[in-house]
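Fold and geometry: a report
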Amino acid sequence: MPKISIIVPVYKVEKYLCRCIDSILNQTFTDFELILVDDGSPDNSGAICDAYARIDSRVRVFHTVNSGANRARALGVAESVACEYITFVDSDDSLPPTALQELYALANEEYDIIIGSYDRNSKQYADGVIDKLELVKKIYDYTIASS
C-alpha cells in the first residue's frame, strides 16, 4: 500500500500534462500512487494519461464525462487505495523534486493537514503552521482555496 495518493484532475491540459506527470514521477519520495482523472477532456490529455499508465505501475487512470475539477478530485479520492495521505496537484502545475519528501516529513511530525505552497523565486516551501480553527476560518474567508 503506498503512503500517498496523488490525485490530478485532467481537462484540456495536453500542453502542460507531461511536465506535471514527469515532475510527480521523478520525486525523491517514491512510495505513492498517481491517480489521473481524465474529466472528459476533448484534447489528447486522456491518451497521454493512458500512455503513462502503461509505462509506470504507480499510475492509474480513470476516464469520466466532464463534471468539473471538484468531481474529478472526488472520484480520485474514492478510487485511491487505503493510504496514509492524499494530496492534489493541478494538471498545469509541476512539483519540485523533493516536494513529497518534504511534505511527508512534516506530516510525520505532528500535523493532520499540510498545505504545500511553493515559492518558485526562492525555490522553497512557504513556512507556517496554523491551528484547525484558523484553517477553517481561512477556508471560509477564501484565504485558502478549499477545492
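Below is a short write-up of the structure. (Residues numbered from 1 in each chain as written. Predicted model: local features only at pLDDT ≥ 70, side-chain atom pairs only at ≥ 80, totals over all residues. Heavy atoms only, no water.)

Thoughts on the sheet that holds strand β4 (residues 85-88)
Operational definition: Note on pairing: DSSP must find at least two bridges between two strands before they are called paired. Strands here are runs of E lasting at least two residues and helices are runs of H or I lasting at least four, both read from the DSSP assignment and numbered beginning at the N terminus. Between N-to-C directions, angles cover 0 to 180 degrees, with each direction set by a line fitted to C-alpha atoms, over the stretch in contact for helices. Between two residues, a contact is recorded if the distance between any of their heavy atoms is within 4.5 Å.
Taken in spatial order, the 4 strands of this open sheet run β3-β2-β1-β4, and their pairing is parallel. On the outer flanks of this sheet lie β3 (59-63) and β4, each paired with one strand and no other. Pairs of neighbouring strands in the sheet enclose a mean axial angle of 20°, with direction left out of account. Against the sheet, helix α1 (residues 17-25) makes contact with β1 (4-10), β2 (32-38) and β3, and its axis sits at roughly 165° relative to β2, the strand it touches most.

Some details on the nonpolar core
What counts, and what does not: Among the buried residues, those of types Ala, Val, Leu, Ile, Met, Phe, Trp, Tyr and Cys that are joined through side-chain atoms within 4.5 Å form a nonpolar core. Relative accessibility thresholds used throughout: buried, under 20% of the residue-type maximum; exposed, over 50%; partly exposed, between the two (1.4 Å probe, protein chains only).
In terms of nonpolar packing, the biggest core is built from 22 residues, with I6, V8, I24, F32, L34 and L36 touching the most fellow members. The set of elements that each furnish at least two residues to this core consists of β1, α1, β2, α2 (45-55), β3 and α4 (99-107). Looking at this core, the element that brings in the most residues is α1, giving 5 residues. Those residues in contact with V8 that sit more than four places away from it in its chain are C20, I24, L34, I35, L36, V37, V89, D90 and S91. Grouped together as the second largest cluster of nonpolar side chains are 5 residues, I7, I35, V37 and F62 included.

Things to note about the packing of α1 against α2
How we decide: Our angle categories are set so that under 35 degrees counts as roughly parallel, over 145 as roughly antiparallel, 65 to 115 as roughly perpendicular, and the remainder as oblique. Crossings are assigned a handedness: left-handed for a near helix turned anticlockwise from the far helix by less than a right angle, right-handed for a clockwise turn. By the convention adopted, Pro, Cys, Tyr, Trp, Phe, Met, Ile, Leu, Val and Ala count as nonpolar, Lys, Arg, Asp and Glu as charged, and the other residues, Gly among them, as polar.
Between α1 and α2, the shortest axis-to-axis distance is 10 Å and the interhelical angle comes to 25°. If you check the angle between α1 and α2, you find them roughly parallel. For α1 against α2, the interelement crossing comes out right-handed. Only S45, I48, C49 and Y52 of α2 make contact with α1, whose side of the interface consists of L17, C18, I21, D22 and L25. Tallied by class, residues from the contact of α1 with α2 come to 7 nonpolar, 1 polar and 1 charged.

Considerations on the packing of aromatic side chains
Definition in use: Aromatic rings from Phe, Tyr and Trp, with only the six-membered ring used for Trp, were paired whenever their centres fell within 6.5 Å, and each pair was classed as stacked if the ring planes differed by under 30 degrees, edge-to-face if by over 60, and tilted otherwise.
Under the counting rule described, the total for this entry stands at 2 aromatic pairs. With a centroid separation of 5.9 Å and an interplanar angle of 85°, the aromatic rings of Y85 and Y104 are classed as edge-to-face. Residue Y85 is located in strand β4, and its partner Y104 is located in helix α4; the two are separated by 19 residues in the primary sequence. You can call Y104 buried: its relative accessible area is 13%.

Read these as geometric descriptors, not functional statements.
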